[in-house]
Amino acid sequence: MQKPVITPDEAVAKVKSGMTLMIGGFLSTGSPHKILKLLAESDVQDLTIIGNDTGFPDKGIGLLIAAKKVKRVITSHIGTNPLTIEQFNNKEIEVVFVPQGTLAEQVRCGGAGLGGVLTPTGLGTVVADGKQITTLDGKEYLLEKALRGDIALIGASIADTSGNLHYKGTTQNFNPLMAMACDTVIAEVDELVQSGEIPMENVHTQGILVDYLVL
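Residues numbered from 1 in each chain as written. Predicted model: local features only at pLDDT ≥ 70, side-chain atom pairs only at ≥ 80, totals over all residues. Heavy atoms only, no water.

(A) Region of the structure containing the overall build of the protein. What the protein contains, in helices and strands, is 6 helices and 12 strands. Against the 2.2 N^0.38 benchmark of 17 Å for 215 residues, the protein shows a C-alpha radius of gyration of 17 Å, consistent with a compact globule. Counting across all 215 residues of the protein, residues that qualify as buried make up 49%. Summed over all atoms, the accessible surface of the protein reaches about 10,000 Å², with 53% contributed by carbon and sulfur. Computing the positive centroid from 17 side-chain charges and the negative centroid from 24, the protein places the two 3 Å apart. (Helix = DSSP H or I, 4+ residues; strand = E, 2+ residues; numbered from the N terminus. Rg over C-alpha atoms; globule rule 2.2 N^0.38 Å. Buried < 20%, exposed > 50% of the residue type's maximum accessible area, 1.4 Å probe, protein only. Areas by Shrake-Rupley, 256 points an atom, 1.4 Å probe, with all protein chains shown as cover. Lys, Arg positive; Asp, Glu negative; His and termini not counted. Charge placed at Lys NZ, Arg CZ, Asp CG, Glu CD.)

(B) Inspection of a nonpolar patch on the surface at higher detail. Taken together, the side chains of Val-5, Leu-192 and Leu-215 make up a nonpolar region of the molecular surface, amounting to roughly 230 Å² of accessible area. Position of Val-5 relative to the elements: it lies in strand β1 (residues 5-6). The exposure class of Val-5 is partly exposed, given its relative accessible area of 44%. (Patch = residues over 30% accessible without salt bridge, like charges linked within 9 Å, V, L, I, M, F, W, Y side chains within 5 Å. Salt bridge = Lys/Arg side-chain N within 4 Å of Asp/Glu carboxyl O.)

(C) Spatial organisation of the pattern of salt bridges. Throughout the structure, instances matching the rule amount to 6 salt bridges. Two residues, Glu-105 and Arg-108, come together in a salt bridge whose shortest N-O distance is 3.0 Å. Within this pair, Glu-105 and its partner Arg-108 are both found in helix α5 (residues 100-112), separated by 3 residues, close to a single helical turn. The class of Glu-105 is partly exposed, set by a relative accessible area of 28%.

(D) How the structure looks around the sheet that holds strand β7 (residues 133-136). Within the open sheet, the 3 strands sit side by side as β6-β8-β7. Their pairing is antiparallel. If you trace the sheet from one side to the other, it starts and ends with β6 (116-119) and β7, each paired once. Taken over all neighbouring pairs, the strand axes of this sheet differ in orientation by 35° on average, direction set aside. (Pairing = 2+ DSSP bridges. Axes fitted to C-alpha atoms, helices over the stretch in contact; angles between N-to-C directions.)

(E) How the structure looks around the nonpolar core. Of all hydrophobic cores here, the largest spans 26 residues; its most connected members are Leu-21, Ile-23, Leu-39, Leu-47, Ile-49, Leu-64 and Leu-153. Where this core is concerned, the elements lending two or more residues are α1 (8-13), β2 (20-23), α2 (33-40), β3 (47-50), α3 (61-66), β4 (70-75) and β9 (149-160). No other element matches the 4 residues that α2 contributes to this core. Apart from the residues within four sequence positions on either side, Ile-23 is in contact with Pro-32, Leu-36, Ile-49, Ile-50, Gly-51, Ile-61, Leu-64, Leu-153 and Met-178. Grouped together as the second largest cluster of nonpolar side chains are 24 residues, Tyr-167, Met-178, Val-185 and Val-210 included. (Core = buried A, V, L, I, M, F, W, Y, C linked by side-chain atoms within 4.5 Å. Contact = heavy atoms within 4.5 Å.)

(F) Fine view of the environment of Ile-158. Turning to its location among the elements, Ile-158 is positioned in strand β9. In sequence terms Ile-158 and Gln-194 are 36 residues apart; their C-alpha atoms lie 10 Å from each other. With residues up to four places along the chain from it excluded, the contact list for Ile-158 reads Asn-164, Leu-165, His-166, Lys-168, Glu-191, Val-193 and Ile-198.

(G) Layout of the pairing of β2. By the alternation rule, side chains of β2 split into Thr-20 and Met-22 and Leu-21 and Ile-23, which are all buried. Two strands pair when backbone bridges link them, and β2 and β3 are joined in this way by 3 bridges, in the parallel orientation. Opposite Thr-20, over in β3, you have Thr-48 as the bridge partner. Direction of pairing for β2 relative to β9: parallel, over a ladder of 3 bridges. Across the sheet, the residue bridging to Leu-21 is Ile-151, located in β9.

Shown next, in the form of structure tokens:
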């Protein structure tokens, strides 16, 4: 089945104020740059963002931070974006810090239909504050609940017309996980080819998970 190819403006129109967005990328590598730029210029407000980091002030998720579109971010670090730090210190934005591996597992659990993951990471630190601690075989673990979003905005190198995606190099990062954990998945792609042109072993995200393509 062919996937609809929409414009960046049409992609942004699907995002509503108050939504939870999962945004792919690692320091903006693998992020959907055109969509994020237009989203930062839109009227959308009060977003919750789930992403590895908050990018830079002029790139990636950082554009949404700079435009003050974000009320809450669930992330592993904010150190590359001074605007996130400033808004956090001024209590303009809520930041939920999550160890990077735990964040990836929470998203994976959301996509796999699991309730969460048991992990020792964060025990004895502020990460454990307010969270359930479970003892299993004599060892303590934190219960980190699964994460899901309304819309995943991801970036891919190549898509075929059926929506199968290939990521070159490190652009893969969080994108395949996020494509599993949202109700709607929009992939911004560099190149569109015919169905079957991506070798099966090079498909990193299956087309059944993708709803819309943006060139």
